[in-house]
Amino acid sequence: MKVLLVDDSRTIRNIQKNVLSQLGHTEILEAGDGVEALKVLETQTPDLVLVDWNMPNMDGLTLVTKIRETNRTLPLIMVTTEAEKSRVLEAIKAGVNNYVVKPFTAEMLSGKIEQTMAKVAT
């Protein structure tokens with residue numbers, strides 16, 4: 001499975017990479033913000049995108065909205081510190097398939113990934 005990690009924090013991307021490699025996913029693409037992510041998506045087709053909300057240049061919510069304009073099926077998981085219910089609902093309305101609040105455990109992230117991929121497979 002090819003996964004695109006979109007987060008301005010290299011540390012968070014490294015943590016996500018470790019969790020994904022534990023799950024057997026080694027094909028990882030990275031972007032530091034939404035603008036970079038859209039450039040990656042022009043040439044690559046990931047099976048899953050993990051998106052941070054708060055980033056410079058283009059935030060995660062704007063990125064999700066832009067992806068959904070052309071791709072309704074790509075699995076998107078918002079991974080963010082934004083925990084208020086209104087923010088979660090806003091992300092879901094924008095088109096994310098799942099939501100993980102930072103800080104997260106490896107088990108929490110892997111569970112959300114497995115849950116999301118199982119949902120889109122049906």
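A. The arrangement of the overall build of the chain in detail. Within the chain, the regular secondary structure consists of five helices and five strands. Counted from the first residue to the last, the chain has its helices and strands arranged as β-α-β-α-β-α-β-α-β-α. Its C-alpha atoms give the chain a radius of gyration of 13 Å, near enough to 14 Å, the size a compact globule of 122 residues would have. By principal-axis analysis of the C-alpha atoms, the chain measures approximately 35 × 35 × 30 Å. Scored against the burial criterion, the 122 residues of the chain give a buried share of 45%.

B. Representation of helix H5 (residues 106-121) in the model. For H5, built from 16 residues, the straight-helix expectation of 22 Å at 1.5 Å per residue is met to within 8% by its first-to-last C-alpha distance of 22 Å. The complete set of buried residues in H5 reads Leu 109, Ser 110, Ile 113 and Thr 116. Buried residues of H5, viewed axially, fall in a sector of 130°; they line one side. Facing away from the buried side of H5 by over 90 degrees, the exposed positions are Glu 107 and Lys 119. Residues of H5 that are buried sit in contact with helix H1 (10-22), strand S3 (48-51), strand S4 (76-80) and strand S5 (98-101).

C. Main features of the sheet that holds strand S2 (residues 27-31). Pairing in this open sheet of five strands is parallel, and the strands run S2-S1-S3-S4-S5 from one edge to the other. Either end of the sheet is taken by a strand with one partner, and the two such strands are S2 and S5. On average, each strand axis in the sheet is tilted by 20° relative to the strand beside it, whichever way the strands run. Pairing analysis gives four bridges linking S4 to S5, with the strands arranged parallel. Each bridged residue has a counterpart across the sheet, and for Met 78 the counterpart in S5 is Tyr 99. This element, helix H3 (residues 60-70), spans strand S1 (2-6), S3 and S4 of the sheet and lies at about 175° to S4.

D. Expanded view of the side chain of Asp 33. Within the element layout of this structure, Asp 33 appears in the loop between S2 and helix H2 (34-43). A polar contact of 2.9 Å, which involves the side chain of Asp 33, links it to the backbone nitrogen of Val 35. Residues in contact with Asp 33, not counting those within four places in the same chain, are Val 6, Met 55, Pro 56, Asn 57 and Met 58.

E. Representation of the environment of Ala 91. Mapped onto the secondary structure, Ala 91 falls in helix H4 (residues 85-94). Look at Ala 91 and you get buried, because its relative accessible area is 0%. Taking the C-alpha atoms as reference, Ala 91 lies 9.0 Å from Trp 53; in sequence the two are 38 residues apart. Not counting chain neighbours up to four residues away, the residues in contact with Ala 91 comprise Trp 53, Leu 61, Met 78, Val 96 and Tyr 99.

Parameters at a glance
- Position numbers for residues count from 1 along each chain, tracking the sequence in the order it is written.
- Only residues with pLDDT of at least 70 get local features here, since the model is predicted, and only at 80 or more are side-chain atom pairs given and counted; chain-wide, interface and lining totals rely on the full set of residues.
- Derived side-chain values reflect all non-hydrogen atoms in the structure, with water molecules and hydrogen atoms excluded from consideration.
- Numbering goes from the N terminus for both helices and strands, where a helix is a DSSP run of H or I of at least four residues and a strand is a run of E of at least two.
- The globule rule used for comparison is 2.2 Å times the number of residues to the exponent 0.38, while the radius of gyration itself is calculated over C-alpha atoms.
- Partly exposed residues are those whose accessible area sits between 20% and 50% of the maximum for their type, while under 20% is buried and over 50% is exposed, using a 1.4 Å probe and protein chains only.
- Given the number of residues in a helix, its expected span is that number minus one, multiplied by 1.5 Å.
- Starting at the helix axis, one direction is taken to each C-beta atom, and the arc is that of these directions.
- Residue contacts follow a heavy-atom distance rule, with two residues in contact if any of their heavy atoms lie within 4.5 Å.
- At least two bridges found by DSSP between two strands is the condition for calling them paired.
- Between N-to-C directions, angles span 0 to 180 degrees; the directions come from axes that are lines fitted to C-alpha atoms, helices contributing only their stretch in contact.
- As used in this structure description, the phrase polar contact means that two N or O atoms lie within 3.5 Å; if the pair is within protein, one of them must be able to donate a hydrogen and the other to accept it, and residues adjacent in sequence are counted only when both atoms belong to side chains.

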